[in-house]
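# Structure assessment
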Amino acid sequence: MTVVLNPATEEEIAEIPGASVEDADLIVQAARRAFPAWRAIAPADRARLLRRLAGLVEEHGEELALLETRNVGKPIQDSRGEVAMVAEVFYFYAGAVDKHHGETIPVAGGVDLTFREPLGVVGLIVPWNFPIAIASWKLGPALACGNTVVLKPAELTPLTAVRLGELALEAGIPVGVLNVLPGSGSVVGQRLVEHPDVAKIGFTGSTEVGRSVMAGAAGTIKRVTLELGGKSANIVFADADLEAAAASAPVAVFGNAGQDCCARSRILVERSAYDRFVELLVEASGEVRVGDPEDAATQMGPLISADHREKVSSYADDNVVFRGNAPSDRGFWFPCTLVEATNEDRVAREEVFGPVAALIPFEDEDDAVRIANDTPYGLSGSIWTRDGAQALRVARAVETGVLSVNSNTSVRVATPFGGFKQSGFGRELGMHAMDGYSEVKNVYIATGE
Ligand code: TAP
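In this report, we go over the structure that sits alongside the text. Quantities reported herein were computed from a predicted structural model and do not represent experimental measurements.

### Structural notes on the sheet that holds strand S3 (residues 104–107)
The strand order S3-S4-S18 describes an open sheet built from 3 strands, whose pairing is antiparallel. This sheet does not close on itself; its edge strands, each paired only once, are S3 and strand S18 (438–446). Each adjacent strand pair in this sheet contributes to an overall mean axis angle of 25°, direction not counted. Note that S3 and strand S4 (residues 110–118) share 4 bridges and pair antiparallel. Each residue of the ladder has a partner; that of Ile105, found in S4, is Asp112.

### So, the pattern of salt bridges
All chains considered together, the criterion is met by 23 salt bridges. As a salt-bridge pair, Asp197 and Arg32 come within 3.4 Å of each other at their nearest N and O atoms. Of this pair, Asp197 sits in the loop between helix H7 (185–194) and strand S8 (200–204) while Arg32 sits in helix H1 (residues 21–40), and the two are 165 residues apart along the sequence. Overall, Asp197 belongs to the partly exposed group, its relative accessible area being 29%. Its salt-bridge partner being Asp98, residue Lys99 comes within 2.9 Å of it at the nearest N-O pair. Overlapping salt bridges bring together Arg39, Glu117 and Lys441 as one network.

Reading guide: rules and limits
- Per chain, residue numbering runs from 1 following the sequence as it is written.
- Reporting of local features is limited, given that this is a predicted model, to residues whose pLDDT is at least 70; pairs of side-chain atoms are given and counted only at 80 or more, and all residues count toward the totals for whole chains, interfaces and linings.
- As a rule here, side-chain values cover all heavy atoms of the structure and leave hydrogens and water aside.
- Strands qualify as paired when DSSP identifies two bridges or more between them.
- Where helices and strands are cited, they refer to DSSP runs of H or I of at least four residues and of E of at least two residues respectively, numbered from the N terminus.
- For helices, the fitted line uses only the C-alpha atoms of the stretch in contact; every axis is such a line through C-alpha atoms, and the angle between N-to-C directions lies from 0 to 180 degrees.
- By definition here, a salt bridge exists when the distance from a side-chain nitrogen of Lys or Arg to a carboxyl oxygen of Asp or Glu is within 4 Å.
- When accessible area is computed with a 1.4 Å probe and restricted to protein chains, residues below 20% of their type maximum are described as buried, those above 50% as exposed, and intermediate ones as partly exposed.

In structure tokens, the structure reads:
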């Protein structure tokens, strides 16, 4: 049994049986049995079932949001937004079912057709920071393409995944199509990665575990999509709207208590504007409301666990220019923290995954790009400037999968999301995700012409 805690109170909120390797094998078999019928279902019917699931997520939105908040410690307003996005994701992929199709290609002597074929059973392994949201990013395209799935939530945060599985059955999605397998990563996660009947792993998590997923998948030449860690740069040029950039920067790194792969945890500021920007940022950081995640006014909750808090605190001792307030009684709290650093410091090189941002000055455009790229990661980032040409030049030069200009947002349902370098490969969301859950088959028909 795994005991599930509320990270804000340390109270036990559930007990979940951890699945074994034998359980994983039984679930893969069930998914395999369900595959032929799910793949053959009329596209309009598959779309209708996904739309029904989206509707049920909306109907149960408040319940799911509260479950997520209690399990992850994230502010209820964030959970509401994420659950609304889950419904939007299923609506989007319901619409995608019959819009992702093959081509006819002109060739000599016949006709050449391509088909988009589902892969079979896919294993979806997700982390604890955005449990239901990231699950939906994978489930939507995987199911829309006609695959059956085994979803493995993180051991710390299985609750919304289990509830989503129930809602899928209520929506009429046939038994065996969407399976939920709670359990430990090193046991059932690993089994999915190595299982000969699992055709693909869609993985989100740390770069370290991503590496072992990639290695484990090699034995069966399994397809993998890896969404891994990040150390993204928030680049602020001196000509930017400094007030807007400073007002937005705290959410970009302290949102979800910094447990966000897209966190802009390196704040790069042009030296001529550095002092003014830091003054504005410290003021804005002091306004972040930290406290009870179930209060709609709260903007930051606790970290996920005591172990994780210990890790985060090891980055927040030196050159601190700001440390906010956080509750000090029960719960895994950690305050918003700003530290001055160079890009060589540990806080600027490693993914902290907590509310700690490194402030780094730069000299000019080339220097900003050099520092931004001097990291093994390449997931997200922002550029703040009023110079449109500069924004485009820097956006092209920064080695990262997702960038925003004069904004700190990263994720939109209809647009591709994913990393460069050691932040992984493959794309989630938008129509790009459909490519990752299907194979292209090429059929040539000789016509005697
Ligand atoms: P991990 O420790 O990597 O765990 C992620 C998932 O993998 C969990 O479900 C975990 O299961 C499972 N797992 C662990 N060992 C495994 C193994 N040997 N084989 C197969 N599965 C295994 O990450 P985390 O701590 O949950 O999440 C934080 C990390 O995720 C951060 O690095 C963050 O940047 C990254 N992340 C990336 C993104 C994107 S989109 N790039 C989004 C969110 C988070 P158990 O936990 O149950 O053991």
